[in-house]
Amino acid sequence: MKAAIFSQLKQPLQLESRSDLEPDPDHVIVNLKTAALNRRDYWITRGMYPDIRTPVVLGSDGAGTVSKTGVGVDSDWNGRKVIIQPGLDWGDDASKQSESYHILGMPVDGTFATQVQVPVGNLYPKPAGLDWNQSAALPLAGLTAYRALFTQGGIKKGMNILITGAGGGVSSLAVQFSVASGAHVWVTSSSGSKIERAVQLGARGGENYNHENWFKSLADRAGAFDVIIDSAGGKGYHALIELAAPGGRIVNYGATSGNPKNIDMFKVFWKQLRMQGTTMGSAQDFKEMLTLVESRNIQPLVDKIYPLAEINQALDVMKHSSQFGKIVICCQDDTIA
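Residues numbered from 1 in each chain as written. Predicted model: local features only at pLDDT ≥ 70, side-chain atom pairs only at ≥ 80, totals over all residues. Heavy atoms only, no water.

**Student:** Is there a simple way to explain the packing of aromatic side chains in this structure?
**Tutor:** The description of two aromatic rings rests on the distance between their centres and on the angle between their planes. Under the definition given, this model contains 7 aromatic pairs. Their ring planes at 50 degrees and their centres at 4.8 Å tell us that Tyr124 and Phe286 sit as a pair that is tilted. Linking Tyr124 in strand 10 (residues 123–125) with Phe286 in helix 9 (residues 283–295), this pair joins segments that are 162 residues apart in sequence. Taken as a pair, Tyr124 and Phe286 share a single burial class, namely buried. Among the aromatic side chains, those forming a connected cluster through ring pairs are Phe266, Phe269 and Trp270. Just above the ring of Trp132 sits the side chain of Lys126; from NZ or CZ to the centre is 5.1 Å. (Phe/Tyr/Trp six-rings, centres within 6.5 Å; stacked < 30°, edge-to-face > 60°. Helix = DSSP H or I, 4+ residues; strand = E, 2+ residues; numbered from the N terminus. Buried < 20%, exposed > 50% of the residue type's maximum accessible area, 1.4 Å probe, protein only. Lys NZ or Arg CZ within 6 Å of the ring centre and 35° of its normal.)

Right, dumping it as structure tokens:
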């Protein structure tokens, strides 16, 4: 097998040849067709992620065919086309992850390789309506978006929804999921072209958050928001509190701009706001996400595709955040669709 190894901070991944994998009990080996990048992968390479361990194969998203089954796994799994649920050991409490919860691609080897080992319980049939590239683009971003919107955000048809940072893998799927559910969707971005792309997906419009008083302009156009989905935090968080409707909810799945500096607590309690955190999702969230995708024929957006040998070029694109949708890696030389 071949694998892209992360062994040193702020250095390129190294493509290496390794012995083919053999499955542990209750695990399978998946011959990967495609993988996909997440912001997590880039943060790890830069040392901006907790408990970094090396050497390791990064990559949380993957799709392929089961090639070997371990003891305790039904041999009928062999040859099945699957996608991988990247969250491991969530636990029995659907409201939160367990202390042992971790994500494929560190500390355990992930999907930037031609093979990966995963527990059989983390396998799901490849959605029939998606090609290999779209299948790899779905798991982590789709799971995160689904839990943020539905499990934690409680969105329903007719609600006014704001999704910040249009263009990323999670935010793009959040737009698609919300539109498919009948919500009235608005977005923010630093790029006018990304706002236009979101409108093509069904959003009603958006504002550039670099413009002065952007949130006042958005409020004039869209009104107040029942649910706001955010991954930035930072100095602009005060604007989300302004934009939230009384009784509204602000759901955060990240803080890429750091901690908020100015929170008007008076408005938080007077408007009866709920500030909700979320991380990845449970197995039930993943199942429900797949049902939504298949029932509404949602097609995850693939922005760029690279062969495994060009993984470092793909990470460089992630660094500059120029993509709209997901960056996919072809793990086998014959994988195009």
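**Student:** It is not clear to me how the sheet that holds strand 1 (residues 2–6) should be interpreted in this structure. Could you clarify?
**Tutor:** Strand pairs in the sheet, formed through backbone hydrogen bonds, run parallel or antiparallel to each other. Overall, antiparallel pairing links the 3 strands, which are arranged 2-1-4 in an open sheet. Of all strands in the sheet, those bounded by a partner on one side alone are strand 2 (14–17) and strand 4 (56–57). Sheet analysis places strand 1 next to strand 4, joined by 2 bridges and oriented antiparallel. By the bridge assignment, Phe6 is partnered in strand 4 with Val56. (Pairing = 2+ DSSP bridges.)

**Student:** Explain the sheet that holds strand 15 (residues 244–252) here, please?
**Tutor:** Pairing is parallel in the open sheet, where 6 strands are placed in the order 13-12-11-14-15-16. Lying at the two open borders of the sheet, with one neighbouring strand each, are strand 13 (205–208) and strand 16 (274–277). For this sheet, the mean angle separating the axes of adjacent strands, direction not counted, is 20 degrees. Contacts between helix 3 (residues 139–152) and the sheet are confined to strand 14 (225–230), strand 15 and strand 16, with strand 15 contributing the most and set at about 150 degrees to the helix. (Axes fitted to C-alpha atoms, helices over the stretch in contact; angles between N-to-C directions. Contact = heavy atoms within 4.5 Å.)

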